[in-house]
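# Observations on the model geometry
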Amino acid sequence: MVRFRPIPQKNPLKIKGFFVFILYLPYSTIIMVKLRVQHNRNLKWFAAIVLSIITFNILHGQSKPSHYRGLSIANDNSLWISGTKGVVLKKDQIQQAQFDTLKTGYPRKDFRDIWAMDQKVAVAMSISDSAVVIKTTDGGKSWQQVYSNNEKGIFLDVIEIDPCTGIGLILGDPMKGDDSRKYFKGLFTTDYGSTWLEMPNGTWNTPLDTIESFFAASGKSLRLLNTEIHRQKNKYVADFVFGGGGSNPTFHMVQVKFFKNIKGENQWKIIEVETKSLQLKGGEGWGCYSMEIGMVGPGVAVGGNYGKVSFIGDSTGAIASFTEGVFKKWQPSILPPNGYRSGVCLNTDISSDSIWRYFFEQHSDNITFTQCVFGSNMSFPEMKKKLKSVSVCTGTNGSDISFDGGRKWYPLAIGMGYNSCEFYSGGVVFVGNKGAIEFVDFAELGKRFYSAFTSSKS
């Protein structure tokens, strides 16, 4: 296990801020004289103190670490992280000791999501306040702005690109269209994020209720299922799913076909294939914050409400759900996570033997432990056969793990304050608030799982 946090040290900005606080008093007095309030001594000194405090807080705030939500592991094992204050971090290899801190040129932007193809190519997306999308092709040495939007109310939530075809999407919260109705913002790329096309509005991106929207919590409210390029027809196809919050949090499945050599409305064919309930508690701030699903295999969705982190579900609704396949129904988790969860990751590539070795073999003689997960009257080979995947979810008040596709979640002894998580070849990486980054390999993850279990039983 490796954990990265800001190293405590004397900060010159804090020291400078203290002296500015003292020195700024007479300077503020001069300002107030110019504002012709010198006749009111109390007002003058009150204003001077207020301005000094503001200056001190500005300088002090510059020393605070970024909050991280964007997380991408490329096929070449490079790792990219994005967050507030325009920060993007990179490791060319996950095993590399230190991160490279990259200068994006946007120190005030909140890059909530990032996608990376390899060590050289990555695309980062800021959420709001003149939203921008930037791309690097030289490993972060330089960045180009590939999209910007200054419209009032713009809020981008998630970016996904297929590294095999270069086809991808960005989705954002509902905005007013030309007909004054609200539509989810949709952007489409065919060239690995170098250019972005505005997707036409229609049934596919019409909110089903007045509060339906996304959550830019971990960049996983959108998942690409399949993409195709038909060169002869200049046709680009993407099958994708998305979900968020609303009165009844909904799972949307959509297919988009883009014809590059055609102009006008016939350039696009977008079909909403299916919508179905995610079986999560609905309402303002409630819903799905993160999902993992592919064209085949199980799917998991987690969420709740970021303002009610201890809520685990009751008769009014659930905070996690699962499905056996993309065309199957979603069902509430039987044993939910231990509170609000903003990020989830799913690993279906790990073998049953590896799951057993890392998480159960050392403690298989603990009958209470094995029965809790597998039930009673089951042999070890039967237990092992049930282990087909591992899921991990995380949120500001803790993390959980599942071995049955999200039906049952068990606590992990992982630090709090994390927003996103992702599997890498040897374990899981967590990123979160105040510069928190933690790598937990599978062996350590097994220990954290058993430690949380024994603590709950003591």
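Up top you'll find the structure we're talking about.
Computed from a predicted structure; not experimentally measured. (Residues numbered from 1 in each chain as written. Predicted model: local features only at pLDDT ≥ 70, side-chain atom pairs only at ≥ 80, totals over all residues. Heavy atoms only, no water.)

## Here we look at the environment of Gly86
In this structure, Gly86 sits in the loop between β3 (79-83) and β4 (87-91). The class of Gly86 is buried, set by a relative accessible area of 5%. Along the primary structure Gly86 and Gly105 are separated by 19 residues, whereas in three dimensions their C-alpha atoms are 7.4 Å apart. Sequence-distant contacts of Gly86, defined by excluding residues within four places in its chain, comprise Thr104, Tyr106, Pro107, Lys109 and Phe111. (Helix = DSSP H or I, 4+ residues; strand = E, 2+ residues; numbered from the N terminus. Buried < 20%, exposed > 50% of the residue type's maximum accessible area, 1.4 Å probe, protein only. Contact = heavy atoms within 4.5 Å.)

## Some thoughts on helix α4 (residues 367-374)
Here α4 has its buried residues at Phe369, Thr370, Val373 and Phe374. Down the axis of α4, the sector holding all buried residues measures 100 degrees, keeping them to one side. Contacts from the buried residues of α4 go to α3 (352-359), α5 (380-385), β25 (410-412) and α6 (442-457). Of the residues flanking the start of α4, the one acting as N-cap is Asn366, its side-chain oxygen 3.2 Å from the backbone nitrogen of Thr368. With its phi angle positive at about 90 degrees, Gly375 sits one or two positions after the end of α4. (Arc of directions from axis to C-beta. Polar contact = N/O pair within 3.5 Å; in protein donor to acceptor, adjacent residues only side chain to side chain.)

## Remarks on the sheet that holds strand β13 (residues 197-198)
Spatially, four strands are ordered β10-β11-β12-β13 in an open sheet, and the strand pairing comes out antiparallel. If you trace the sheet from one side to the other, it starts and ends with β10 (156-161) and β13, each paired once. (Pairing = 2+ DSSP bridges.)

## Section: a nonpolar patch on the surface
Together, Ile271, Val273, Met295, Val296 and Phe327 make up an exposed nonpolar region whose accessible area comes to about 500 Å². Within the fold, Val296 resides in the loop between β18 (286-292) and β19 (299-305). (Patch = residues over 30% accessible without salt bridge, like charges linked within 9 Å, V, L, I, M, F, W, Y side chains within 5 Å. Areas by Shrake-Rupley, 256 points an atom, 1.4 Å probe, with all protein chains shown as cover. Salt bridge = Lys/Arg side-chain N within 4 Å of Asp/Glu carboxyl O.)

## Focus on the nonpolar core
Membership of the largest hydrophobic core comes to 30 residues, with the highest contact counts inside it found for Phe359, Phe360, Val392, Ile401, Phe403, Leu445 and Phe449. Breaking this core down by element, the ones donating at least two residues are α3, α4, β23 (390-395), β25, β26 (418-424), β27 (427-432) and α6. The dominant element in this core, judged by the number of residues it contributes, is α6, at five residues. Setting aside its immediate chain neighbours within four residues, Val392 contacts Gly343, Val344, Cys345, Asp400, Ile401, Trp409, Leu412, Cys421, Phe423, Val428, Phe430 and Leu445. (Core = buried A, V, L, I, M, F, W, Y, C linked by side-chain atoms within 4.5 Å.)

## Let's talk about the packing of aromatic side chains
Counted under the stated rule, the structure contains 35 aromatic pairs. Considering the side-chain rings of Trp286 and Phe311, the 4.9 Å spacing of their centres and the 75 degrees angle between planes classify their relative orientation as edge-to-face. Of the two residues, Trp286 sits in strand β18 while Phe311 sits in the loop between β19 and β20 (320-323), which places them 25 residues apart along the sequence. Classification of Phe311 by relative accessible area gives buried; the value is 16%. Taken together, the ring pairs in this structure connect Trp356, Phe359, Phe360, Phe369, Phe374, Phe380, Phe403, Tyr410, Phe449, Tyr450 and Phe453 into an aromatic cluster. A cation over a ring is seen here: Lys91 above Phe99, with NZ or CZ 4.8 Å from the ring centre. A cation over a ring is seen here: Lys281 above Trp286, with NZ or CZ 4.9 Å from the ring centre. (Phe/Tyr/Trp six-rings, centres within 6.5 Å; stacked < 30°, edge-to-face > 60°. Lys NZ or Arg CZ within 6 Å of the ring centre and 35° of its normal.)

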